[in-house]
Amino acid sequence: EAGVAQSPRYKIIEKRQSVAFWCNPISGHATLYWYQQILGQGPKLLIQFQNNGVVDDSQLPKDRFSAERLKGVDSTLKIQPAKLEDSAVYLCASRHPQGAAEAFFGQGTRLTVV
Amino acid sequence: TQLLEQSPQFLSIQEGENLTVYCNSSSVFSSLQWYRQEPGEGPVLLVTVVTGGEVKKLKRLTFQFGDARKDSSLHITAAQPGDTGLYLCAGARTSTGTASKLTFGTGTRLQVTL
């Protein structure tokens, strides 16, 4: 079974530029999460999708971050414009909607804003 | 706001020692998961506990879910260098008709030396 795929693995941009991350979840997983992880800390949920609908985006900085999952499969996360404090690893995870199901993570995209 | 606080934040021990990591919250969770994350990778599930008071063992790792389903602990016996990593607890809350939100703890970085 293929895992969660994310690209790119690394990205370096200047502040005020824009950037986009892509995630392809495990086939059949209706639930998709985007997390932001600062080095050494636990992942912070940015947005949760159920199929192509948003379940929770309460911690997404909507003035600069946006995410979509138009066909209920792949998802993209965009930052525009980026700030220095956006430097982090952005993790995508997918999961069956059943309550205690395991979340499978991609390797993440490490973003450095200079 | 991080709802799940882990302690200690960082732990450096020698091979063969025992240790306990705590995960505390004021909120009740329907289930709680423990993940381990290595550098450059996404978190990988170790265990899921669902019932208050539940104890699960995975080789040298013992996981316990608090009676009130608000806290959990991870105990490692005779730690080995291969146990080195970032340990994360994650609480799930199930809402009727929607996928459960998965909230991660602050993380405990464990380093085991020879």
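Quick note: structure is the one above.
Residues numbered from 1 in each chain as written. Chains lettered and ligands numbered in written order. Predicted model: local features only at pLDDT ≥ 70, side-chain atom pairs only at ≥ 80, totals over all residues. Heavy atoms only, no water.

Asker: How should I be thinking about the overall build of chain A in this particular structure?
Answerer: The secondary structure content of chain A amounts to zero helices and 11 strands. Along the chain direction, N to C, the helices and strands of chain A fall in the order β-β-β-β-β-β-β-β-β-β-β. Radius of gyration (C-alpha) of chain A: 13 Å, near the 13 Å computed for a compact globule of 114 residues. Structurally, chain A occupies a C-alpha span of about 40 × 25 × 25 Å along its principal axes. (Helix = DSSP H or I, 4+ residues; strand = E, 2+ residues; numbered from the N terminus. Rg over C-alpha atoms; globule rule 2.2 N^0.38 Å.)

Asker: What's the story with the interface of chain A and chain B in this structure? I'm lost.
Answerer: Put simply, an interface is often sized by how much accessible area is lost when its parts join up. At the junction of the two partners, chain A supplies 27 residues and chain B supplies 27 residues. For the pairing of chain A and chain B, the buried interface totals around 1,900 Å² over both sides, and the portion due to carbon and sulfur atoms is 48%. Where chain A meets chain B, there are one salt bridge. The salt bridge partner of lysine 101 of chain B is aspartate 56 of chain A, with a shortest N-O separation of 3.1 Å. Listing elements by their share of the side of chain A that touches chain B, those giving two or more residues are strand 4 (31-37), strand 5 (44-50), strand 6 (53-56) and strand 9 (88-95) of chain A. Looking at the side of chain A that touches chain B element by element, the count peaks at four residues for strand 4 of chain A. Partitioning the side of chain A that touches chain B into residue classes produces 11 nonpolar, 12 polar and four charged. (Contact = heavy atoms within 4.5 Å. Buried area = accessible area lost by both parts, 1.4 Å probe. Salt bridge = Lys/Arg side-chain N within 4 Å of Asp/Glu carboxyl O. Nonpolar A, V, L, I, M, F, W, Y, C, P; charged D, E, K, R; others polar.)

Asker: Where do I start with the environment of tyrosine 22 of chain B in this structure?
Answerer: All names here are of chain B. Topologically, tyrosine 22 is positioned in strand 3 (residues 19-24). Sequence separation between tyrosine 22 and aspartate 71 is 49 residues, and the spatial gap between their C-alpha atoms is 7.6 Å. Discounting residues that sit within four places of it in the chain, tyrosine 22 has contacts with Glu5, Gln6, Ser7, Ser72 and Ser73.

Asker: I tried to follow the nonpolar core on my own but got confused; where do I start?
Answerer: Across soluble globular proteins, nonpolar side chains have a tendency to be buried as a group. By size, the foremost hydrophobic cluster in this structure holds 21 residues, and its most contacted members are Phe21, Trp34, Leu77, Ile79, Tyr90 and Leu111 of chain A. The residues touching leucine 77 of chain A, leaving out its near neighbours within four places in the chain, are Val19, Ala20, Phe21, Trp34, Leu46, Leu60, Phe65, Ser66, Ala67 and Tyr90 of chain A. The next biggest cluster of nonpolar side chains, apart from the first, holds 20 residues, and it includes Leu19, Cys23, Ala79 and Leu110 of chain B. (Core = buried A, V, L, I, M, F, W, Y, C linked by side-chain atoms within 4.5 Å. Buried < 20%, exposed > 50% of the residue type's maximum accessible area, 1.4 Å probe, protein only.)

Asker: I would appreciate a short explanation of the environment of glutamate 14 of chain A in the present structure.
Answerer: Within the secondary structure layout, glutamate 14 of chain A lies in the loop between strand 2 (10-13) and strand 3 (19-24). Along the primary structure glutamate 14 of chain A and glutamate 85 of chain A are separated by 71 residues, whereas in three dimensions their C-alpha atoms are 12 Å apart.

Asker: Mind showing me how you'd approach the state of the cysteines here?
Answerer: Between two cysteines, a covalent bond joining their sulfur atoms is known as a disulfide. Scanning the entire structure with this criterion turns up two disulfides over all chains. Through a disulfide, cysteine 23 of chain A is tied to cysteine 92 of chain A; the S-S separation comes to 1.9 Å. Since a negative S-S torsion denotes a left-handed disulfide, the cysteine 23 of chain A-cysteine 92 of chain A link at about -70 degrees is left-handed. Of this pair, cysteine 23 of chain A sits in strand 3 while cysteine 92 of chain A sits in strand 9, and the two are 69 residues apart along the sequence. In terms of burial, cysteine 23 of chain A and cysteine 92 of chain A fall into one category: buried. Bridging cysteine 23 of chain B to cysteine 89 of chain B, the disulfide has an S-S length of 2.1 Å. Every disulfide takes its handedness from the sign of the S-S torsion; for cysteine 23 of chain B and cysteine 89 of chain B that torsion is 80 degrees, giving right-handed. One end of the pair, cysteine 23 of chain B, is in strand 3; the other, cysteine 89 of chain B, is in strand 9 (residues 85-95), and 66 residues separate them in sequence. (Disulfide = S-S within 2.5 Å.)

Asker: What's the story with the sheet that holds strand 8 (residues 75-79) of chain A in this structure? I'm lost.
Answerer: Picture the strands of a sheet paired through backbone hydrogen bonds; they go either parallel or antiparallel. All names here are of chain A. The four strands are arranged 1-3-8-7 in an open sheet whose pairing can be described as antiparallel. Pairing within the sheet leaves two strands with one partner each, and these edge strands are strand 1 (5-7) and strand 7 (65-68). Neighbour-to-neighbour, the strand axes of the sheet open up by a mean angle of 15 degrees, direction not taken into account. (Pairing = 2+ DSSP bridges. Axes fitted to C-alpha atoms, helices over the stretch in contact; angles between N-to-C directions.)

Asker: Please clarify how the pattern of salt bridges should be interpreted in this entry.
Answerer: All names here are of chain B. On inspection of all chains with the given rule, the structure shows six salt bridges over all chains. For the salt bridge of arginine 36 with glutamate 38, the shortest nitrogen-to-oxygen distance reads 2.9 Å. In this structure glutamate 38 comes out as partly exposed when scored by relative accessible area, which is 40%. Between arginine 60 and aspartate 83 there is a salt bridge whose closest N-O contact spans 2.9 Å. With arginine 60 in the loop between strand 6 (55-58) and strand 7 (61-65) and aspartate 83 in the loop between strand 8 (71-76) and strand 9, this residue pair connects regions lying 23 residues apart in the sequence. Residue classification places arginine 60 among the partly exposed positions, given a relative accessible area of 24%.

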